[in-house]
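What follows is the residue order along each chain.
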Amino acid sequence: MKYNETNITIRTENARDYNHIDTIVREAFNDSGVLVAELVNSIRESSNYIPELSLVAEKKGTIVGHIMLSHLNLDDNDRVHRVVTLSPISIKPEMQKKGIGSSLIKAAIKKTDALGEPLIMLEGDPNYYLRFGFKPGKEFGIGIALPHWAPEAAMILPLSKYNQDSKGKIIYPPYFDKVNRPPHTR
Ligand SMILES: CC(C)(COP(=O)(O)OP(=O)(O)OC[C@H]1O[C@@H](n2cnc3c(N)ncnc32)[C@H](O)[C@@H]1OP(=O)(O)O)[C@@H](O)C(=O)NCCC(=O)NCCS
């Protein structure tokens, strides 16, 4: 039976959470978990880290999910815009499909909008992200180099401060290379 997990608190991460988050990321992503956990650390150590947009979901004081949004560049040849990407999101395996991922995504969208960011981009399954208002990147003139087997995965959510200047090509920081950038898309 499907049910909504209501007994969840969402807050920003702090240094005491890092080990717990590391475990959840590794478990959620199975075989690629080590690489995704490294990605989380790399983002934290970079100037693209946005502390307000790295959130944990807690149930009875235990962390059961994590979401991270960070900056990357959108290059339109004339200028480089700094935009926000959502990656990764990780829910403890036994706590998946209870609405926790949805709660984290909705909270992150609200906070990103409040920071005055124009948009959020991500690579993900449209079946999941369409429900939050994400739309195909091509509708916005935003190019994301994707592998041929995932042409629909580039998704954009325009926020209150969105304007049509926000277009161009997404430039991933190198620390994303290991997790989702097959060599031919770099
Ligand atoms: C993907 C993930 C974040 C979703 O969080 P969640 O708390 O399990 O999801 P919710 O309970 O909010 O939503 C459940 C819905 O999402 C769908 N869903 C869950 N994972 C999905 C996935 N990887 N792709 C597509 N849809 C997915 C479920 O089928 C369900 O759909 P329904 O409402 O139509 O029945 C979580 O399952 C997870 O951590 N997965 C492993 C790591 C991962 O793949 N992260 C995403 C890539 S960055």
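Structure first, text after, so check above.
Keep in mind the model is a prediction, meaning the values are calculated, not measured.

Rules used throughout
Residues numbered from 1 in each chain as written. Predicted model: local features only at pLDDT ≥ 70, side-chain atom pairs only at ≥ 80, totals over all residues. Heavy atoms only, no water. Core = buried A, V, L, I, M, F, W, Y, C linked by side-chain atoms within 4.5 Å. Buried < 20%, exposed > 50% of the residue type's maximum accessible area, 1.4 Å probe, protein only. Helix = DSSP H or I, 4+ residues; strand = E, 2+ residues; numbered from the N terminus. Contact = heavy atoms within 4.5 Å. Expected span 1.5 Å × (residues − 1). Arc of directions from axis to C-beta.

(A) Region of interest: the nonpolar core. Of all hydrophobic cores here, the largest spans 29 residues; its most connected members are Ile 43, Met 121, Ile 142, Ile 144, Ile 170 and Tyr 172. Of all the elements in the fold, those that place two or more residues in this core are helix H1 (18-28), helix H2 (33-45), strand S2 (49-59), strand S3 (62-75), strand S5 (119-123) and strand S8 (154-158). It is H2 that contributes the most residues to this core, five residues altogether. Excluding anything up to four places from it in sequence, Met 121 contacts Leu 72, Val 84, Thr 85, Leu 86, Ile 144, Met 155, Ile 156, Ile 170 and Tyr 172. Within the second largest apolar cluster, 27 residues are counted, among which are Leu 53, Ala 57, Leu 104 and Leu 159.

(B) Quick peek at H2. For H2, spanning 13 residues, the distance from its first C-alpha to its last is 19 Å, which sits close to the expected 18 Å at 1.5 Å a residue. Looking only at H2, the buried set comprises Gly 33, Val 36, Ala 37, Leu 39, Val 40, Ile 43 and Arg 44. All buried residues of H2 project into a common sector of 150° when viewed along the axis, lining one side.

That is the geometry; function is a separate question.
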